[in-house]
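Tertiary structure, described
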Amino acid sequence: MSLVSAKNNEIVINYGELRALVVDDYPGMRSALKLTLSNFGVTRIDLASNATEVLFKVQNTRYDLILSDFNLGEGQDGQQLLEELRHRHLISLGTVFIMVTAEAGYEKVVATAELAPDDYLIKPFSAELMCSRLENILLRKLTFAKVYGHFENHELEAAIKGCDEILKTRPKYVVDALRFKGEVLNAMGRFEEAEALYRQIIEMRAIPWARLGLARALHNLKREEEAEEILRDILDQSCEMVSAYDLLAEVRLSRKDGPGAQEALQKGVEISAKTVRRQQRLGEVAFDNGDLDTAKQAYNNALEKGRNSVFVTAEDYGHLCRVQVEQGDTNGALETLKRGKHLLQATPEGQFVGAVARSIVHARTGNESEAEKALDEAAQLRQAGARPDDRFMLDFADACMAAGRAEQADAIVRDVARNAHDSESLLAKAKRLYEKSGRGDVGEQLLKDATSTVRNLNNEAVILAHKGNFAAAMEKLREACWEAPHNPRILMNTVWVMLKHMEQSGMDEALMEQARGFLLDAEKQAPGHGRLATLRAQIKDVEARYGIRRR
Amino acid sequence: MNMESMDLYAGLMHELKNNLGLLAMTIDGIPVTGQPEHDHRVDEARLLCQRVIDRLQQALLIYKARHQSITPLVDAYSPRDLAEELRDTANSLARGRLHVDVQFADGVPEIWFFDRNLVEMAMINAIHNALGYAKNLIRIGVSLQEGMLDISVWDDSGGYPQHVLQAFADRQPYRATGTGLGLQFAKLVAEAHEDRGKVGELRLSNQDGGALFSLRLP
C-alpha cells in the first residue's frame, strides 16, 4: 500500500505507511511526540536525541516525515540540522520536515530562514492540530511531486513548466508555486525573471521572504543600492530575519563597505550565533577590516559551534592561527594547530594549510629553520596537487615573500590570478601583498600579465561564439583552460561552447565526456555558482535531443 | 516592579506553560475506557489543562506586546484549511458534548495573508469561551466582508451579557483575567494585521440568539 491512495474520489493518507523520525533532546518530549503521532496511526517511528544521530540515521533509512525540535541542546539546532540535510541532499524535497519550537519568537527565526521547514508548530499543540497540518503538507507535496522530481533530476525547464501548470490550475498553491519557481529561476541565473516574479508576489502582499528574494535578485543583477534599501526596510520591520543580515553583508561588500558588512554580520550573529558559515564570514570580513579581536572570536565560535558539522574545514584553523599570529599570540596559534590536528592531517589540503600556518608562526617567533622547513613542505604539497581555497594560497605567497622567496611567491600569485582573473577582491588582496613588501610595481605588472592571457583568450572566444563559430571558440577556450585549469568562469564558458558546438554539429560522445568533466571541475572551484545548474540542465537537453537517457 | 523581576515571571510562565503542555499530552494518551465516570473526569482534566495553557500563552504575548508591539509574521494560508483546523480542535475539545459545524461562504479566496499562529490562538480562545456557554451548537464561519476575511465563532448560548458588549464598545479597560484577557488578546491580534491602510478589527455582537465573535483581517 502506498502513502497516499484514492478512495471514492477522495485522497486518503495511509498513516500506517508513513516512516517518521522524531528528534528532541528531552526524552519526555520524544515519547510525548511519539504518542501524539501514534494517536493518528503513525506506527513506524524512530527517535533521535541530537543532530548527529539524525545525520547518521537518514543515511540508512528514507523518512517521509522528520519532526524536530528547534532546540536540540549542545551541537546543532533544528534549523542548522535542516540546512545540512538539504544542502547535502540527505533528504529529498518530498520529505516533510516540521519544526517544533517552544515559544513564539524563535518561530520567527525559523519561519523567515532562507531554507524554511515545511511547517512549524509552537509547543504545546494538540494531536489534531499536528494531524491536520501534516495532512495539508502531504497534499501539497503530492501536488508538487512532479516539479520536485524534475528539479532533483536537474530538469529545470521542466520544473518551471510544472510550476506554471500549478499556477494556472491550483489557486490554493499559487504562492507556493511562485516561491519554488523563484528559487529555480535564481538557480538558473535568470535574475530579471526572478525580480519580476518577486514583485508579483509583493503586489499581493509584502511577505518578508518575497522581499528577501527580490533583494537577492537585485544583488545578483548588481543593483546593490536598491537591494540595500529593501534589506534595511525588511530589517526595520522584522529584525529577527537573520538571512536578511547575511545578504546585507554581501551587498555591502559589493559596495566596498567593509565596516558596514561587518556590522550586518555581527547583528546576525547576535540573533543566531550557531550558524558556522555566518561566523566564518564574520571572521573573514573582520580580518580584512583589521578588527582582529572580532575575527578571532568569530573563528573560535565557528570551530566551537561547528563541531561535527561538515561546514568546518582545515582552513578555519589556519585562519584563526593567522589572526592569533597577527595579534602576537604565537602560543595560542600553536595551540590552535594542535586543536585542529584531526582536520589538518586528514587531506593534502589540510596538510598544506597546516604547513603554511606553521611557517607563519615560526617566522614570527624567529625560528627561521623551522619556518623554511614548513614552507618547503607546503611547496611540495602544492606540487603534488593540493589546492586549498585561494585566500589561503595568498597567505602562502605572503609567507614566501616574508621568507625572501620572491620567485616562489610570484609563481603562486600568478597561479591564483590566472585562475581567478575576474575576482576583484582576490586581485586586490594580492596587490596589497606586493605593496606591503615594497614590490608594488612588480606586483601590478605580474597580475596584469597573469590575467591578460586568460582574459584575452576568453574575449576572443566570446566574439567567435557570437559569430556562431563554436569550433574556433572552443579551441580558444581549451587553450585558456590549459593556462588556468582551475578558473571556474573559463571552465563554465568552455562547457557552454562545447554544448553549443554539439547542438550545431551533432553529438560527440567524447566531447560530452569532457564537458561533463569540466563542469565537475568548475563545481569544485565554485560550489553553488548560479550557472552550474543551467549548464547541467543544458547537458541534459543536448543528450535528450540526441536520444541519450542517463540517470 | 522592575524589568528584571518581570523577566523572571515571564520565564516562569513560559516554563509552566511547557510543563502543562507535557501534562496535556500525557492526558491525551490515557485511553478511553467506555466508563462514563472515568472518561468524563479525564475529559474535564484535559479541557482544563488546555485552557490554562492557552491562557498562559496569551498572557505571555500580551506581556510582550506591552514592551514591543505584536508584529505579525504574515504568509499565505488557506482559509479553508484554517477553518477545518479550528473545527477539528473544537471537536476534540468538545468531545461530542456539542455539535460543531463550519459555514464556508462562497467567494472566499483560496489563499489569504495573515499570521496563522496568532489568528489561531485568538480563535481557539473564542472557541473555549463558546464551549463554556453554548447549549448544543458552535458554528465556525468564514466569509468575505467589506473586502476583509471574516473568521467567526457563533454559539447558541443566548448571547453576550449586555455589560460585556458595553465594555467592549466603550473600549473600557478589560479585566485582566478570564474572558477579558482573551478579548484583549484577540483585539491586539486583529489590529496588528494591516495592509495598505486597512486595519483588522474584532467585532462582538449578539445574533440569532447567540454570541458572535468575529475577527476581520485585511
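Residues numbered from 1 in each chain as written. Chains lettered and ligands numbered in written order. Predicted model: local features only at pLDDT ≥ 70, side-chain atom pairs only at ≥ 80, totals over all residues.

Assigned secondary structure in chain A consists of 27 helices and 7 strands. Principal axes of the C-alpha set define a box for chain A whose edges measure 80 × 60 × 45 Å. Scored against the burial criterion, the 551 residues of chain A give a buried share of 47%. (Helix = DSSP H or I, 4+ residues; strand = E, 2+ residues; numbered from the N terminus. Buried ≥ 20, exposed ≤ 12 C-beta atoms within 10 Å, placed from the backbone.)

Right, let's get into the domain arrangement of chain B. Accessible area lost upon the coming together of the parts serves often as the stated size of an interface. All names here are of chain B. Domain annotation of chain B identifies domain 1 (3-67) and domain 2 (75-217). For domain 1 and domain 2, the distance between their C-alpha centroids amounts to 21 Å. Counting residues at the interface gives 12 residues for domain 1 and 11 residues for domain 2. Of the residues belonging to the side of domain 1 that touches domain 2, the class tally is 5 nonpolar, 3 polar and 4 charged. (Domains from an automatic or database assignment. Contact = placed C-beta atoms within 7 Å. Nonpolar A, V, L, I, M, F, W, Y, C, P; charged D, E, K, R; others polar.)

A few words now on the pairing of strand β9 (residues 210-217) of chain B. Residue and element names in this part refer to chain B. Where burial is concerned, most of β9 is hidden: 8 out of the 8 residues are buried. Neither face of β9 is left uncovered, since the one carrying Gly210, Leu212, Ser214 and Arg216 and the one carrying Ala211, Phe213, Leu215 and Leu217 both have all their residues buried. With 7 bridges connecting them, strand β5 (residues 148-155) and β9 associate as antiparallel partners. Within β9, the position partnered with Ile151 by the bridge is Leu215. Examined bridge by bridge, strand β8 (residues 201-207) and β9 share 7 bridges and lie antiparallel to one another. Within β9, the residue paired with Leu204 across the bridge is Phe213. Hairpin connection from β8 to β9: 2 residues lie between these consecutive antiparallel strands, with Asp208 at a positive phi of about 50 degrees. (Pairing = 2+ DSSP bridges.)

Core analysis: the biggest nonpolar cluster contains 145 residues, and A:Val356, A:Ala397, B:Ala122, B:Met123 and B:Ile127 have the highest contact counts within it. Here this core takes 10 residues from helix α4 (residues 116-133) of chain B, the largest share from any one element. If we ignore the near neighbours within four places in the chain, the residues touching B:Ala122 are B:Phe185, B:Ala186, B:Val189 and B:Leu215. (Core = buried A, V, L, I, M, F, W, Y, C linked by C-beta atoms within 7 Å.)

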